[in-house]
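Per-entry structural report
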Amino acid sequence: MQTMNSMLLVLVSIMISLSRMAELPGTEDSTVIYRDQPVVAQKLQKFIDSGLKNFQIVADFDYTMTTWDPKGTCFSVIRTYPGFGEEFFAKADAIKKKHLPIHLDFSLPEEVRKESDYQWFSKTIGCFVETKFPKSLIPDMLEASRCRLRSGVVEFLKLAHQHNIPVLIFSGGIKDVIDAMLEREGCYFDNISIISNKLIYDDNDIMVGAVKPYITASSKLEVAREDEYFTRVIRDHVLLLGDMLSDLKMASCVKYTDILSLAFCNHDNDKEQYGEHFDVLLMGNPGFDRVNELLRQIVGGGDTGEAVKSEL
């Protein structure tokens, strides 16, 4: 009899747990792939139960918050500006063609890829310096470029701001371009922090270089570990958004107990490898619809975070 009662208690406990399991968006959608649906649901439920005071968002920028386009990155905003001329384009394109294959070849030793990324960055900055462009030209460069936020990103950032959720944009791109993009779209809110490369300007606001050490996709962790954000914002639950395996390292600087990782998997041949490491894959260059569904669940079950607004 005692054994029967114990079994009934276990069954009741399981039923209660299942009834409180968060709903996962897109489970019938072939473009949304879950590594382990019950585990993701459990993480999401923890986020909801813990409240927004324990929740933060860490996101990459290029190809994560922006659409996948070979000419749609922060660097491409400057590199493809039509006012620079053919000689500049030829030089910048030659640098990219040399280093991009190394950047994308994850079979190479990590140190080889890091060194190549550093050289790519350094040479490209050198090209930019030669153009002597003024800081005031960046909004025009952005307007002329193919760099676009994914649909739903503005809504995502507005929702996070409304609920005082810290958002860290952690990018190997160019902060000046990210700033201009968010300002143009009206979503550069006071809860957003950005760790990215800053351009240097002289007294006449002419671009003359970039702040060292450089932040590249392969060196994010080493360069940014000491940033003040990681001591100012301490929250146990992290929603991480990226598009490369190296983006998973962004969370290494954050003190957390649970992390829910989503990847915008822009290439089908990356699906198997990404699926082994990210909790959720979003295929086919989608918007932020599924991400927003997750965030709405989290904010719908939590407080407004007012008590910890002072850390933003």
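First things first, this report covers the structure right here in the doc. (Residues numbered from 1 in each chain as written. Predicted model: local features only at pLDDT ≥ 70, side-chain atom pairs only at ≥ 80, totals over all residues. Heavy atoms only, no water.)

**What to know about the nonpolar core**
Convention followed: For our purposes a nonpolar core is just a set of buried Ala, Val, Leu, Ile, Met, Phe, Trp, Tyr and Cys residues, chained together by side-chain atoms within 4.5 Å. For every residue, the accessible area (1.4 Å probe, protein chains only) is compared with the maximum for its type, and the residue is labelled buried under 20%, exposed over 50%, or partly exposed between those bounds.
Ranked by internal contacts, the top residues of the largest apolar core, which has 72 residues, are Phe 133, Leu 157 and Leu 199. If you look at the next biggest cluster of nonpolar residues, it comprises 25 residues, including Val 238, Leu 240, Ala 263 and Leu 281.

**Some words on helix α12 (residues 289-300)**
Let me state the cut-off plainly: Strands here mean DSSP runs of E at least two residues long; helices mean DSSP runs of H or I at least four residues long; both are numbered from the N terminus. For a helix, the expected span equals 1.5 Å multiplied by the residue count minus one. By arc we mean the arc of the directions from the helix axis to the C-beta atoms, nothing more.
The end-to-end C-alpha separation of α12 is 16 Å, in line with the 16 Å expected for 12 residues at 1.5 Å each. What α12 keeps buried is the set Val 291, Asn 292, Leu 294, Leu 295, Ile 298 and Val 299. Axial view of α12: buried residues confined to an arc of 160 degrees, hence all on one face. Turned more than 90 degrees from where α12 packs its buried face, Asp 289 and Gly 300 sit exposed.

**As for helix α5 (residues 110-131)**
Taking 1.5 Å of rise per residue, the 22 residues of α5 would be expected to cover 32 Å, and the 32 Å separating its terminal C-alpha atoms lies within 8% of that figure. When we look at burial in α5, the residues that qualify are Arg 113, Lys 114, Ser 116, Asp 117, Trp 120, Phe 121, Thr 124, Ile 125, Cys 127 and Phe 128. Each buried residue of α5 sits inside an arc of 165 degrees when the element is viewed along its axis, so together they form one side. Along α5, exposed side chains directed more than 90 degrees from the buried face belong to Glu 111 and Glu 130. Positioned one or two residues after α5, Lys 132 has a phi angle of 55 degrees, which is positive.

**Some points on the pairing of strand β3 (residues 167-174)**
Formally: Two strands pair under a simple rule: DSSP has to find at least two bridges between them. A right-handed crossover is one whose linking path, passing over the helix from the first strand to the second, runs clockwise when the strands point away from the viewer.
A large share of β3 lies buried, amounting to seven of its eight residues. With three bridges connecting them, strand β2 (residues 55-59) and β3 associate as parallel partners. If you follow Ala 59 over to β3, its bridge partner there is Ile 169. Inspection of the sheet shows β3 paired to strand β4 (residues 192-197) by five bridges, in the parallel sense. Looking across to β4, one finds that Phe 170 is bridged to Ile 195. Taking the sense of rotation as the criterion, the β-α-β connection linking β3, helix α8 (residues 175-184) and β4 turns out right-handed.

**Notes on the environment of Phe 55**
As for its placement among the helices and strands, Phe 55 is situated in strand β2. For the pair Phe 55 and Asn 164, spaced 109 residues apart in sequence, the C-alpha to C-alpha distance is 9.8 Å.

**Some remarks on unusual backbone geometry**
Residue Pro 213 is reached from Lys 212 by a cis peptide bond, and omega for that bond is 0 degrees. Among the structural elements, Pro 213 can be located in the loop between β6 (207-210) and α9 (220-224). At Lys 132, a residue that is not glycine, the phi angle is positive and equals roughly 55 degrees. The backbone phi angle of Asp 205 is positive, close to 60 degrees, even though this residue is not glycine.

**Quick notes on the sheet that holds strand β7 (residues 237-242)**
Applicable threshold: Note on definitions: angles span 0 to 180 degrees between N-to-C directions of axes, and those axes are lines fitted to C-alpha atoms, for helices only across the stretch in contact.
Spatially, the seven strands line up as an open sheet ordered β1-β9-β8-β7-β2-β3-β4, and their pairing is mixed. Every interior strand has two partners, whereas the edge strands, β1 (32-34) and β4, have only one. Mean inter-strand twist for the sheet, computed between neighbouring axes without regard to direction, equals 15 degrees. Across four bridges, strand β8 (residues 258-265) lies against strand β9 (residues 280-283) in parallel orientation. Within β9, the residue paired with Ala 263 across the bridge is Leu 281.

**A look at the packing of helix α4 (residues 86-104) against α5**
Applied cut-off: Reported orientations rely on four angle classes, namely roughly parallel under 35 degrees, roughly antiparallel over 145, roughly perpendicular from 65 to 115, and oblique for the rest. By definition in these notes, contact holds between two residues if any of their heavy atoms fall within 4.5 Å. The nonpolar class holds Ala, Val, Leu, Ile, Met, Phe, Trp, Tyr, Cys and Pro. Asp, Glu, Lys and Arg form the charged class, and all remaining residues, Gly among them, are polar.
Where α4 contacts α5, the axes come no closer than 9 Å and their chain directions differ by 170 degrees. The orientation of α4 relative to α5 falls into the category roughly antiparallel. Contacts between α4 and α5 involve Phe 88, Lys 91, Ala 92, Ile 95, Lys 96, Lys 98, His 99, Leu 100, Ile 102 and His 103 on the former and, on the latter, Val 112, Arg 113, Ser 116, Asp 117, Gln 119, Trp 120, Lys 123, Thr 124, Cys 127, Phe 128, Glu 130 and Thr 131. In terms of residue class, the contact of α4 with α5 is made up of nine nonpolar, six polar and seven charged.

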